[in-house]
Amino acid sequence: MYGNSLEKVRTVEEDPERLREFEERIRSGEKIEPGDWMPAEYRRQLIRMISQHAHSEIVGMLPEGAWITRAPSLRRKLILLAKVQDEGGHGQYLYHAAETLGVTREEMIDALLSGKAKYSNVFNYPTLNYADVGVIGYLVDFAAILNQTMLARCSYGPYARAMVRICAEENFHKKQGQDLVIRMARGTPTQKAMVQDAINRWWWPTLMMFGPHDSDSPNSEVLIRWGIKTKTNDELRQAFLNQIVPELHALGLSVPDPDLRYDEESGNWIHGPIDWDHFWRVIKGHGPCNHERMQARRQAHEDGRWVREALAAYASRQGRNDAGNGGEGLAL
Ligand code: BYC
């Protein structure tokens, strides 16, 4: 996906002794930092995951961002503005974290815009009304927090540190969503029906967000071995179900799964079959809003062209002036 940068790292020979030391550092809980030796596959997996995570944050601004101009009150508008802005910030931290591994911002953006890079399945669905804002905050952000709390303990220092900050902000995102869902659930029958409808539409995409079942997850084994993931897709999905199902039931809301049941023995809520064919279609670009999301990102990239060109022109002038000054001082 990020050919040029990765070619460079693949030329470094894998040395069994170095690999043993590297794995020992991970076992003892040390963080791996950008200048440290790391296997090429560790670097490749991190670039894949962190850049896809960054893309998810940026594309994830779109479904809720569409409601900023139609928020039902000033308070809700301020909350939503802050949330969507936070997601943009998360994308920036994550692109920076990926850059420490040798990939460039341009390569990552090209991979997104050309459709080579993935981003979270969950952002390929429409937001039909304001209840969707509450349900995204409550369900999607909660799912993201569980996943990201696990990643905050990952072995790569820059990713782990970015996650600590992101999780603190995501907690606010979940709270605002939960607050809106609670209010609507306790509101008029129409409001309650709206929020139930939104849960029905977002439920399955949110369960899919954790990724395929462990038996069908090709990346998990190496990610767990090297401490990038510290929990599996199914473990996180189970933690989500066990917490969210009783909370929704307590609000008089239901989950659109006729096979959902509580297993007394394990203490787990068990979900019915997930439509994985649908999931694979969505992440390969054929979901309800993939085209619209990519169009919006391409347009935003095009609209920002003049800023990038102005910055490049300024930097090259600055470079010439610095050279003229013997590299010292600021040219005015
Ligand atoms: N969506 O081997 P697997 C947010 C792909 S945004 C799309 O299990 P892995 C927010 C996977 O990439 C936060 N693709 O993969 C923002 C792989 O394909 P490739 C989003 C998915 O990496 C705005 C293939 O399926 N969070 O919070 O071990 C508003 C096989 O899967 C998905 C992150 O990005 C998916 N859901 O595990 C509100 C977290 N799942 O790449 C909220 C960071 C799987 O081999 N990422 N695929 O071609 C992760 O933790 C892991 O990458 C995943 C998947 C758990 C998602």
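Being a predicted model, the structure only gives us computed values, none of them experimental.

## Notes on the overall build of the protein
Across its full length, the protein holds 14 helices and two strands. With the C-alpha coordinates aligned to their principal axes, the bounding extent of the protein is approximately 75 × 50 × 35 Å. Looking at the 332 residues of the protein, the share that counts as buried comes to 48%. Long-range pairs, those at least 24 residues apart, make up 77% of the contacts in the protein between residues at least 6 apart in sequence. Accessible area for the protein stands at about 16400 Å²; split by element, carbon and sulfur atoms hold 55% of it. The average position of the 41 basic charges and that of the 45 acidic charges among the side chains of the protein differ by 5 Å.

## Observations concerning the site of the ligand
For the ligand, the set of nearby residues contains 37 residues, the closest of which are Arg-48, Lys-118, Asn-147, Ser-217 and Lys-229. One of the side-chain nitrogen or oxygen atoms of Ser-217 is found 2.7 Å away from an oxygen atom of the ligand. At 3.3 Å, a backbone N or O of Pro-218 approaches an oxygen atom of the ligand. Summarising the interface, the protein chains cover 91% of the accessible area of the ligand, which totals 1000 Å² for the free molecule. Judged by the proximity of its atoms to the pocket grid, the ligand belongs to the largest pocket. When residues of the shell around the ligand are traced back to their parent elements, those giving at least two are α3 (40–59), α5 (74–99), α7 (130–151), α8 (157–185), α10 (220–225) and α12 (276–286). A total of six residues in the shell around the ligand trace back to one element, the largest contributor, which is α3. Across the shell around the ligand, the residue classes break down as 15 nonpolar, 13 polar and nine charged.

## Concerning the side chain of Arg-48
With respect to the helices and strands, the residue Arg-48 is situated in helix α3. Among the polar contacts made by the side chain of Arg-48, one reaches the side chain of Gln-45 at a distance of 2.9 Å.

## Quick word on the packing of aromatic side chains
Tallied over the entire structure, the rule returns 13 aromatic pairs. Between Phe-22 and Trp-226 the ring centres are 6.0 Å apart and the planes differ by 85°, which places this aromatic pair in the edge-to-face class. You can see Phe-22 sitting in helix α2 (residues 16–27) and its partner Trp-226 sitting in the loop between α10 and α11 (233–250), a full 204 residues away along the chain. This pair shows no difference in class: Phe-22 is buried, exactly as Trp-226 is. Seen from their ring centres, Tyr-125 and Trp-202 are 6.2 Å apart, and the 70° between their planes marks the pair as edge-to-face. On the criterion of sequence distance, the pair formed by Tyr-125 in the loop between α6 (105–113) and α7 and Trp-202 in helix α9 (residues 189–208) is long-range, its members being 77 residues apart.

## Quick notes on the packing of α3 against α8
Closest axis-to-axis distance for the α3/α8 pair is 13 Å, and the angle between their directions is 25°. Here α3 is positioned roughly parallel relative to α8, judged by the angle of their axes. Crossing angle aside, the handedness with which α3 passes α8 is left-handed. In this structure, α3 contributes Leu-46, Met-49, Ile-50, His-53 and Glu-57 to the contact, and α8 contributes Tyr-159, Met-163, Ile-166 and Glu-170. Looking at the contact of α3 with α8, its residues break down into six nonpolar, one polar and two charged.

## Observations regarding the side chain of Asn-290
Residue position: Asn-290 is located in helix α13 (residues 290–303). With residues up to four places along the chain from it excluded, the contact list for Asn-290 reads Tyr-119, Asn-124, Val-282 and Gly-285.

## A few points about the confidence of the model for the protein
The predicted model of the protein averages 93 in pLDDT, with 94% of residues at 70 or higher. Taken as a whole, residues 3–12 scores under 50 in pLDDT and shows eleven contacts with residues more than four places along the chain or in a different chain.

## Thoughts on the nonpolar core
Core analysis: the largest hydrophobic core is formed by 85 residues, its most contacted members being Tyr-42, Tyr-156, Tyr-159, Trp-203 and Phe-240. The greatest single-element share of this core, amounting to 13 residues, is contributed by α7. Apart from residues no more than four positions distant in its own chain, Tyr-156 is found in contact with Ile-32, Glu-33, Pro-34, Met-38, Tyr-42, Leu-46, Ile-50, Ala-97, Thr-100 and Leu-101.

## Regarding a nonpolar patch on the surface
A surface patch of nonpolar side chains, amounting to about 310 Å² of accessible area, comprises Leu-74, Leu-78 and Leu-81. Leu-81 gets classed as partly exposed once you look at its relative accessible area, which sits at 38%.

## Comments concerning α7
For α7, which comprises 22 residues, the first-to-last C-alpha distance of 30 Å matches the rise-based estimate of 32 Å (1.5 Å per residue) to within 8%. In the structure, α7 departs most strongly from a straight axis at Ile-136, where the bend amounts to approximately 35°. Of all the 22 residues making up α7, 20 are buried; the element is thus mostly covered by neighbouring parts of the structure. Where α7 begins, the capping side chain belongs to Asn-129, and its oxygen is found 2.9 Å from the backbone nitrogen of Ala-131.

Conventions adopted
Residues numbered from 1 in each chain as written. Predicted model: local features only at pLDDT ≥ 70, side-chain atom pairs only at ≥ 80, totals over all residues. Heavy atoms only, no water. Helix = DSSP H or I, 4+ residues; strand = E, 2+ residues; numbered from the N terminus. Buried < 20%, exposed > 50% of the residue type's maximum accessible area, 1.4 Å probe, protein only. Contact = heavy atoms within 4.5 Å. Areas by Shrake-Rupley, 256 points an atom, 1.4 Å probe, with all protein chains shown as cover. Lys, Arg positive; Asp, Glu negative; His and termini not counted. Charge placed at Lys NZ, Arg CZ, Asp CG, Glu CD. Near = heavy atom within 4 Å. Polar contact = N/O pair within 3.5 Å; in protein donor to acceptor, adjacent residues only side chain to side chain. 1 Å grid on protein atoms, 1.4 Å probe; cavity = no way out; pocket = protein on both sides within 12 Å on 5 of 7 lines; lining within 4 Å. Sits in = over half its atoms within 2 Å of the grid points. Nonpolar A, V, L, I, M, F, W, Y, C, P; charged D, E, K, R; others polar. Phe/Tyr/Trp six-rings, centres within 6.5 Å; stacked < 30°, edge-to-face > 60°. Axes fitted to C-alpha atoms, helices over the stretch in contact; angles between N-to-C directions. Parallel < 35°, antiparallel > 145°, perpendicular 65-115°, else oblique. Left-handed = near helix turned anticlockwise from the far one by under 90°. pLDDT = per-residue confidence, 0-100. Core = buried A, V, L, I, M, F, W, Y, C linked by side-chain atoms within 4.5 Å. Patch = residues over 30% accessible without salt bridge, like charges linked within 9 Å, V, L, I, M, F, W, Y side chains within 5 Å. Salt bridge = Lys/Arg side-chain N within 4 Å of Asp/Glu carboxyl O. Expected span 1.5 Å × (residues − 1). Bend = angle between axes of the 7 residues up to and from the residue.

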